[in-house]
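Fold and contact review
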Amino acid sequence: MKLQELLYDIKPIQIIGDVEKEVTGVNIDSRKIEKGHLFIAMKGTQTDGHAYIAKAIELGATAILLEDMPQQYTEGITYIQVESTEDSVGKVATAFYGNPSHHLILVGVTGTNGKTTIATLLYNMFRRMGHKCGLLSTVCNYIEDKAVPADHTTPDPIELNALLSEMVKAGCEYAFMECSSHAIHQKRIGGLKFAGALFTNLTRDHLDYHKTFENYRNAKKAFFDGLSKDAFAITNADDKNGMIMVQNTKATVKTYSIRTLADFSAKILECHFDGMELEVNGKEVNVQFIGKFNVSNLLAVYGAAVMLGKDPEDVLVALSALHSVNGRLQPFHSPNGYTAIVDYAHTPDALENVLNAIHEVLNGKGHVITVCGAGGNRDKGKRPLMAQEAVKQSDKVIITSDNPRFEEPQDIINDMLAGLDNKQMKKVISIVDRKEGIRTACMLAQKGDVILIAGKGHENYQDIKGVKHHFDDKEVLQEIFDSEKED
Ligand SMILES: CC(=O)N[C@H]1[C@@H](OP(=O)(O)OP(=O)(O)OC[C@H]2O[C@@H](n3ccc(=O)[nH]c3=O)[C@H](O)[C@@H]2O)O[C@H](CO)[C@@H](O)[C@@H]1O[C@H](C)C(=O)N[C@@H](C)C(=O)N[C@H](CCC(=O)O)C(=O)O
Ligand SMILES: Nc1ncnc2c1ncn2[C@@H]1O[C@H](COP(=O)(O)OP(=O)(O)OP(=O)(O)O)[C@@H](O)[C@H]1O
Ligand SMILES: N[C@H](CCC[C@H](N)C(=O)O)C(=O)O
Ligand SMILES: [Mg+2]
C-alpha cells in the first residue's frame, strides 16, 4: 500500500521525503520492524519511541511517523510529523488493514466489571444464531473458532486492526470486543467504526494509571462521546455513572435495569446454583447463570442483540442456551454434595459482588468458605480490603497465593491479613500453596456448603518470579472430586 493512502485521515504538520513509496507494514515497536515498514514513534509511560527511530531504520523502516523531527535526516527515509502520534496511530493502522471495522458490525463493551462476560456471551449467542463472529477479550481472542492468545484486554492498535482484518478475511459478520479504559485513553481504538457500545458499571479500579476516579470515568465516557449517530449506546441505568456515560453521545441511547423502568428490564423470579428464572421485558426465561450482576450482564446482551435487529423472542431462546464464561462464576458440584465456584474476582468490589451472588442463592442454607489471594506487583492498597470483603461474607477464609510475581508470597498474604482485627482473624487461615489451600477448603466443606475460589478464573498459570507455572483452579478441583469419587 502506498504511504500516501495511509495518511488520508490524519493531518501532518510537515512531511519530508517521498509519500508515493510502498509500505509493507506499520509498527509502534521498533523490535518488530521489518523491511519497508512505517515506524510510529509513541511517547509512552515507560520510554519514548522517538529514541528507537535509528533502530527502526536499521531494521528496514522506510518511513517514520513522529511528533519531534530529528536533528538529522537519514536519506531515503520519509518523515511525517504530526501533532500527536497517539491520535494518529489508530487511523493509520486501520487504513493499512483496509478499514476492517467498516466491513464488520463491531460492538464494544466498557465498564469496570462484566466486559469479558458480555462480549463473550454476545459472541457465543451470535454464533449460535448462525453468524460468523470474532471476539477480542481478556481471556482469548477468536476469529470464528480460531483462538489467538490475548496479552491485553484490548490489543494495541496494530494488533487490533490486524485481528479485525483477519476476521473480515474469514468472512465474519460481527465482532465483539472489550474496550479497557487504558485502551480508550491511549486511543488504541482510534479510527474504528462501532455499530454499538455497551456500558456495564464503574467502580474504583486502575487508579495507579488514571490517578483520579474522574479521569477514569472520563476515559470510559470518551468511548461514548466518539460514537457516530447511526450507532447505539446501551447503558446501565442502575449504575450512578450510567447516564453520565451517554450524556454527550450522538448515538441512540437505550437503558437496561434490574431496578427501575428501562428499555430492557428484568426481575429474578427464582434462583438456584444452576441458574435463575427471570422475567425479561415481561417474558419468562430460564438462564444458566447466578447472581444479580449476571442479570445485568444478560440484559446488556439481550439489549445489544435486539438493537442489532434480532427478534426479542429468538434472543430469549438463545439466552436460555448460554452458559457461564470460563472462570466467571463457574459452578462445579462435588460428589460430596458441596458446590465450588471458580471466579475471577480480584478486587474488593468484585469479591463483594460474587459473595452477594452466592448468598442470594444459598439463602442461609449452608456455609461459605472463600479461598483467595492477591497478585504481586500490583495495587497494594486493595490487599487488606480484599481480605475484609472475604471475611465479611464468609464463614471461613483461606488466604493464599495469586500470581506472586516478583514479591514474596508470604508478604502479600501479610498485607491482606493486616486488614483484619483479632475477631476477624478467627475465621482465617493462611496457606501459601494455593493447591493446598483449595484442598483444605474442600476438606472443610460439608454437604450444601459453597466454596468460592476467587482471583484466577480462566488463568492456567501461577506467575512466580517471571515464570508462569501451570496451575488451574478448575483442574485442581477436578482432581479433588475424582479422589472423592474413589472414597
Ligand atoms: C500502561 C500501559 O497501558 N502501557 C501500554 C502502552 O505502553 P507504554 O505507553 O508504557 O509504552 P512504553 O513501554 O513507554 O514505550 C513507548 C513506545 O516505545 C516503543 N518501544 C519501546 C522499546 C523499544 O525497544 N522499542 C520501541 O519501539 C513501544 O513499543 C511504545 O510504542 O502501550 C503499549 C502498546 O499499546 C501497551 O502494550 C502497554 O501495555 C502495558 C504492557 C500494560 O501492562 N498495560 C496494561 C496496564 C493494560 O493495558 N491493561 C488494560 C486493562 C486491563 C484490565 O482491565 O484489567 C488492557 O487493555 O489490557
Ligand atoms: N456486571 C457485573 N457487575 C459486577 N461484577 C461483575 C459483573 N460481571 C462480572 N462481575 C465480576 O467481575 C469479575 C470479572 O468479570 P469480567 O471478566 O466479565 O469483567 P471484565 O470487565 O472483563 O474485567 P477485566 O477488566 O479484569 O478484564 C467476575 O469474575 C465477577 O466476579
Ligand atoms: N487484569 C488484572 C488481572 C488480575 C488477576 C489476578 N489473578 C492477579 O494476578 O492479580 C491485572 O493484571 O491486574
Ligand atoms: Mg475483561
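Residues numbered from 1 in each chain as written. Chains lettered and ligands numbered in written order. Predicted model: local features only at pLDDT ≥ 70, side-chain atom pairs only at ≥ 80, totals over all residues. Heavy atoms only, no water.

Taking an unreviewed UniProt entry as the reference, the chain is identified by name as UDP-N-acetylmuramoyl-L-alanyl-D-glutamate--2,6-diaminopimelate ligase belonging to Segatella baroniae B14. Here the chain is described in UniProt, under the heading Subcellular location (unreviewed entry), as follows: "Cytoplasm". UniProt annotates the chain under Function (unreviewed entry) with the comment "Catalyzes the addition of meso-diaminopimelic acid to the nucleotide precursor UDP-N-acetylmuramoyl-L-alanyl-D-glutamate (UMAG) in the biosynthesis of bacterial cell-wall peptidoglycan." (UniProt positions renumbered as here; feature names shortened; annotations may be inferred.)

Let's shift gears to the coordination of the magnesium ion (ligand 4). For the magnesium ion (ligand 4), the full set of protein donor atoms is Thr116 (OG1), Thr138 (OG1) and Glu178 (OE), and the range of their distances to it is 2.1 to 2.2 Å. Taken in chain order, the donor set of the magnesium ion (ligand 4) reads T-x21-T-x39-E. One end of the pair, Thr116, is in helix H4 (residues 115-128); the other, Glu178, is in strand S10 (residues 174-178), with 62 residues separating them in the sequence. Considered together, Thr116 and Glu178 belong to a single accessibility category, that of buried residues. (Donors = N, O, S within 2.8 Å, 3.2 Å for Na, K, Ca; no water. Helix = DSSP H or I, 4+ residues; strand = E, 2+ residues; numbered from the N terminus. Buried < 20%, exposed > 50% of the residue type's maximum accessible area, 1.4 Å probe, protein only.)

For the chain, the domain assignment lists domain 1 (3-88), domain 2 (98-321) and domain 3 (330-485). Taken over C-alpha atoms, the centre of domain 1 sits 34 Å from the centre of domain 2. Across the contact, seven residues belong to domain 1 and seven residues belong to domain 2. Between domain 1 and domain 2, a total of about 600 Å² is buried, with carbon and sulfur atoms accounting for 56% of that surface. Looking at the side of domain 1 facing domain 2, the largest losses of area belong to Ile28, Glu86 and Asp87, adding up to 57% of the total buried there. (Domains from an automatic or database assignment. Contact = heavy atoms within 4.5 Å. Buried area = accessible area lost by both parts, 1.4 Å probe.)

It is characteristic of soluble globular proteins that their nonpolar side chains tend to be buried jointly. Of all hydrophobic cores here, the largest spans 40 residues; its most connected members are Leu122, Met125, Phe126 and Phe176. Ranked by the residues each element gives to this core, the list is headed by helix H10 (residues 292-307), at eight residues. The contact partners of Phe176, leaving out residues within four places of it in the chain, are Val107, Ala119, Leu122, Tyr123, Phe126, Cys133, Gly134, Leu135, Leu136 and Leu308. If you look at the next biggest cluster of nonpolar residues, it comprises 31 residues, including Ala357, Cys372, Ala387 and Ala390. (Core = buried A, V, L, I, M, F, W, Y, C linked by side-chain atoms within 4.5 Å.)

Bringing the packing of H10 against helix H11 (residues 312-321) into the picture now. Remark: H10 packs on H11, axes separated minimally by 10 Å, with the N-to-C direction vectors making an angle of 140°. Here H10 runs over H11; the crossing is right-handed. Across from Leu298, Val301, Tyr302, Ala305 and Val306 in H10, the residues of H11 making contact are Pro312, Val315, Leu316 and Leu319. Here the residues of the contact of H10 with H11 sort into nine nonpolar, no polar and no charged. (Axes fitted to C-alpha atoms, helices over the stretch in contact; angles between N-to-C directions. Left-handed = near helix turned anticlockwise from the far one by under 90°. Nonpolar A, V, L, I, M, F, W, Y, C, P; charged D, E, K, R; others polar.)

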